[in-house]
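Descriptive structure summary
So you can see what is in the structure, the chains are spelled out below.
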Amino acid sequence: MEIDAPVVADGPELYRITRDSAVLDVNSSYAYLLWCRDFSQTSAVARVDGAVVGFVTGFIRPDAPDTLVVWQIAVDASQRGGGVAGKLLNHLVDRVRGRDVRFLETTITPDNTASIKLFSALARDRATQITSSELFTADLFPDSHLGEDLYRIGPFDAA
């Protein structure tokens, strides 16, 4: 498996993997193309034999330039259970630490135990702190979306 920055041509695969997950919020196909163009340096894709099998999308918070926000992370069904998500996160954290990023934030619904375990493992393996707090309550969403809790991990050691 190889992990690197996404390119625009990867956008359709990010869309497909998200859609096929049946649990992630699916953005427009256009959004994934744009993400691969404009946020490639704060995102990563995993490839097996050249095919995208997983991804993590992120961005640097404009009002907190030391913080990477992970927007989505997903792994193709054919690769789940093989540690791809953890490898993607670790790769991305290592890459952005060179940009003076010391913290990672993500939001997770309370019922998403797999993501909670994934991000908790990242904090444990990096010997750093993880905190969680309520961020967006369910009543803020105009649909039946569950609330989103904010998870903050760090500080990471300087690059």
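Residues numbered from 1 in each chain as written. Predicted model: local features only at pLDDT ≥ 70, side-chain atom pairs only at ≥ 80, totals over all residues. Heavy atoms only, no water.

Under an unreviewed UniProt entry, the name given to the chain is L-2,4-diaminobutyric acid acetyltransferase, and the source organism is Saccharopolyspora ipomoeae. As its UniProt record puts it under Sequence similarities (unreviewed entry), the chain is described as follows: "Belongs to the acetyltransferase family. EctA subfamily." The heading Pathway (unreviewed entry) in the UniProt record of the chain holds the text "Amine and polyamine biosynthesis; ectoine biosynthesis; L-ectoine from L-aspartate 4-semialdehyde: step 2/3." (UniProt positions renumbered as here; feature names shortened; annotations may be inferred.)

To continue, consider unusual backbone geometry. Across the junction of Gly154 and Pro155, the peptide omega takes the value 5°, indicating a cis bond. You can see Pro155 is positioned in the segment after strand E7 (148-154). With a phi close to 65°, Asp100 is a non-glycine residue in the positive phi region. Relative to the assigned elements, Asp100 resides in the loop between helix H3 (84-97) and strand E5 (103-108). The exposed category is assigned to Asp100, whose relative accessible area is 60%. The phi dihedral of Ala127 falls on the positive side, at around 50°, and the residue is not glycine. Within the secondary structure layout, Ala127 lies in the loop between helix H4 (113-125) and strand E6 (129-136). By relative accessible area, which is 73% here, Ala127 ends up exposed. (Helix = DSSP H or I, 4+ residues; strand = E, 2+ residues; numbered from the N terminus. Buried < 20%, exposed > 50% of the residue type's maximum accessible area, 1.4 Å probe, protein only.)

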